[in-house]
Amino acid sequence: MKRLWIYCLAGIGMTACNTGNAKKELTPGTWQASLHRPDGADIVFNFLVKDTAGKKVLYVLNATDKLLVDDVKVSGDSVFIKMPFFDSDFKARFADGGNLEGQWTRHLADKDVSVPFTAKPNTAERFPKGAAPSQQVTGRWVTTFVDKDNKTSNAIGEFKQMGDLVHGTFLTTTGDYRFLEGGMDGDTLRLSTFDGSHAYFFKAVVKKDSIVNGRFFAGIGDHVEDWSAVKNDTAKLPDERTIATIKPGQSKLDFTFPDMNGNKVSINDDRFKNKVVVITLMGSWCPNCMDETGFLSEWYKKNKDRGVEVIGLSYERTPDFEKSKKALAGFLTRFDVQYPVLITGVTPADPEKGEKTLPQLTGIKGFPTTIFIDKKGNVKEVHTGFSGPGTGEHYEQFKADFERLISQLLES
């Protein structure tokens, strides 16, 4: 049966196969969805369907986050859902019981990658309810990930347990894993998230002040990492201001790139003189950049009359201007971005991206990176990474620190 519907979707595009007695309605309410990886480690998430102004919309649910998806089309037996960011979409058909069966596809710069997808209506649970929790995971955890080549990376896990429900995230020097949701089944922790780019599933065993036997499944291929953690409520990440800096002997940036209309914009333009300037290095492919763009867009609207400007420098997955522009367009529209966003023409994977675009810096170590420039044009601080709303108190602290720094630069 699965081979049949995959064949029909692939072979006749917008026209779905006849499903006989399948219920042809995208039922309002909460659904449980699964991305079926080839290794069997399904990535599970929930979404909420609503009828709004005569059309279907849905919200992807991860912990306290509700991501609006308003490009939803139902045609006969078929459902087409385009994610608002990261150039990905779902194509599915109604199956027995009103379920959905189809594929999720990511449109990358050089290819498309897909994975089977199913969804079940009227199912608010994320994971099946299991045994009563026998461990408590609330707190801060020093975490080590080990990939298949035995390369290690570090993070700080922060979790909050409410009965058997768990919310949390992982903090890293280049950003956070956004909103993770799951729960405890006896001593087993399970967490997942999906936002159109991140598609993650974490599983591990909790033993008092340690987490062991962890497995981290990322994306829709075969990427798997081992992970473990030790509880440490005083653990901190390296100072974000020290990861990338202005080079010794340098003080000012010098760049010119085209905006979305192809017009050249330079940091040396009159618009930016005698003003505090915030420069964000970002990309439409980057979930943490999405969070920062949401913050900066709203902040700029409220504060631009204070003598502050914001510039986005976009590093898209292709050096092609028109393709980069297309990838950025929906991203900027969704957040109503009113400051200039410039297309660098350099990809995030380019090992020389820093030298090609901002050679005055010691490098670009992660996205987003935020650069603060005083009214004389001098670089005052460079912040690598972003603690988004999924990090709770860290996001609140970021906002307070951001405002404090801007006020200091305006007064100097």
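Quick caveat: nothing in here was measured; it's all calculated off a predicted structure.

**Structural notes on the sheet that holds strand 23 (residues 341-343)**
Step number 1: Across the sheet, five strands lie side by side as 23-22-21-24-25; this open sheet has mixed pairing. The open sheet has two edge strands, strand 23 and strand 25 (379-384), and neither has a second partner. With direction set aside, neighbouring strand axes in the sheet form an average angle of 20°.
Step number 2: Both strand 21 (residues 276-282) and strand 22 (residues 308-314) contribute to a ladder of seven bridges, which runs parallel. Looking at the pairing, Leu-281 lines up with Leu-313 of strand 22.

**Structural notes on the pairing of strand 6 (residues 78-82)**
Step number 1: With four of its five residues buried, strand 6 lies for the most part within the structure.
Step number 2: Pairing of strand 5 (residues 71-75) with strand 6 involves five bridges; the strand directions are antiparallel. Paired with Ser-75 across the two strands is Ser-78, which belongs to strand 6.
Step number 3: Once strand 5 ends, the chain turns through two residues before running back antiparallel as strand 6, passing Gly-76 with a positive phi of about 60°.

**A short note on the domain arrangement of the chain**
Step number 1: Annotation of the chain at the domain level lists domain 1 (29-120), domain 2 (139-231) and domain 3 (256-411).
Step number 2: In total, domain 1 and domain 2 occlude about 1900 Å² of area from one another, counting both sides; carbon and sulfur atoms represent 63% of this.
Step number 3: Sorting the residues of domain 1 by area buried against domain 2 places Arg-37, Ile-43 and Ala-63 first, and these three jointly supply 29% of that buried surface.
Step number 4: Remark: the boundary between domain 1 and domain 2 carries one salt bridge.
Step number 5: Remark: the boundary between domain 1 and domain 2 carries nine residue pairs in polar contact (both at pLDDT 80 or more).
Step number 6: Within the residue set of the side of domain 1 that touches domain 2, elements represented by two or more residues are strand 2 (43-52), strand 3 (55-62), strand 4 (65-69), strand 7 (88-94), strand 8 (100-107) and strand 9 (112-120).

**Section: the packing of aromatic side chains**
Step number 1: Tallied over the entire structure, the rule returns 42 aromatic pairs.
Step number 2: Centroid distance Phe-202 to Trp-227: 6.1 Å. Interplanar angle 90°. Geometry classified as edge-to-face. Here Phe-202 is found in strand 16 (residues 199-207), whereas its partner Trp-227 is found in strand 18 (residues 223-231), with 25 residues between them in sequence.
Step number 3: Looking at Phe-202, the relative accessible area reads 0%, which means it is buried.
Step number 4: Using a relative accessible area of 3% as the deciding quantity, one classes Trp-227 as buried.
Step number 5: Residues Phe-295 and Phe-398 carry aromatic rings whose centres are separated by 5.1 Å and whose planes lie at 70° to one another, so their mutual orientation is edge-to-face. Of this pair, Phe-295 sits in helix 2 (residues 287-303) while Phe-398 sits in helix 5 (residues 393-411); the two residues are 103 residues apart in sequence, bridging distant segments of the chain.
Step number 6: Cluster of aromatic residues (ring-pair linked, three or more members): Phe-145, Phe-159, Phe-170, Tyr-177, Tyr-200, Phe-202, Phe-216 and Trp-227.

**Regarding empty space enclosed by the protein**
Step number 1: Overall, the coordinates contain one cavity of 30 Å³ or more when judged by the stated rule.
Step number 2: Its boundaries defined by the atoms lining it, the largest cavity holds a volume of some 50 Å³.
Step number 3: Surrounding the largest cavity, Phe-45, Phe-47, Leu-58, Val-60, Ile-81, Phe-90 and Phe-117 form its lining.
Step number 4: Listed by contribution, the elements that provide at least two residues to the lining of the largest cavity are strand 2 and strand 3.

**Looking at the pairing of strand 11 (residues 152-162)**
Step number 1: By the bridge criterion, eight bridges tie strand 10 (residues 139-146) to strand 11 in an arrangement that is antiparallel. Considered in strand 11, the bridge of Thr-143 is made with Ala-155.
Step number 2: Pairing of strand 11 with strand 12 (residues 165-172) involves seven bridges; the strand directions are antiparallel. Opposite Lys-160, over in strand 12, you have His-167 as the bridge partner.
Step number 3: What sits between strand 11 and strand 12 in their antiparallel hairpin is a turn of two residues, with Gly-163 showing a positive phi close to 70°.

Basis of the calculations
Numbering of residues begins from 1 in every chain and follows the order in which that chain's sequence is written. Totals for whole chains, interfaces and linings use all residues, but because this is a predicted model, local features are given only for residues with pLDDT of at least 70 and pairs of side-chain atoms are given and counted only at 80 or more. Note that the side-chain values use all heavy atoms of the structure and ignore hydrogens as well as water. The pairing criterion for strands is at least two bridges between them, as found by DSSP. Numbering of helices and strands runs from the N terminus, with a helix taken as a DSSP run of H or I at least four residues long and a strand as a DSSP run of E at least two residues long. Under this scheme, a helix contributes an axis fitted over its contacting stretch, all axes are lines through C-alpha atoms, and angles between N-to-C directions fall in the 0 to 180 degree range. Burial here depends on accessible area, computed with a 1.4 Å probe over protein chains only, as a share of the maximum for the residue type. Under 20% is buried, over 50% is exposed, and the range in between is partly exposed. Note that domain bounds follow an automatic or database assignment of domains. In this description, buried area is defined as the sum, over both parts, of the accessible area (probe of 1.4 Å) that is lost when the two are combined. Salt bridges are defined by distance alone: a side-chain nitrogen of Lys or Arg within 4 Å of a carboxyl oxygen of Asp or Glu. Think of a polar contact as two N or O atoms within 3.5 Å of one another; within protein, one of them needs to be a possible hydrogen donor and the other a possible acceptor, and neighboring residues in sequence only count if both atoms come from side chains. For Phe, Tyr and Trp, rings pair up if their centres lie within 6.5 Å, where Trp contributes its six-membered ring, and each pair is then called stacked (planes under 30 degrees apart), edge-to-face (over 60) or tilted (otherwise). The pocket and cavity definitions rest on a 1 Å grid over protein atoms only: a 1.4 Å probe that fits but cannot leave marks a cavity, an open set with protein on both sides within 12 Å along at least five of seven lines marks a pocket, and residues lining either have an atom within 4 Å of a point. Grid points are joined across faces, edges and corners, and a volume is the space filled by probe spheres set on the points.

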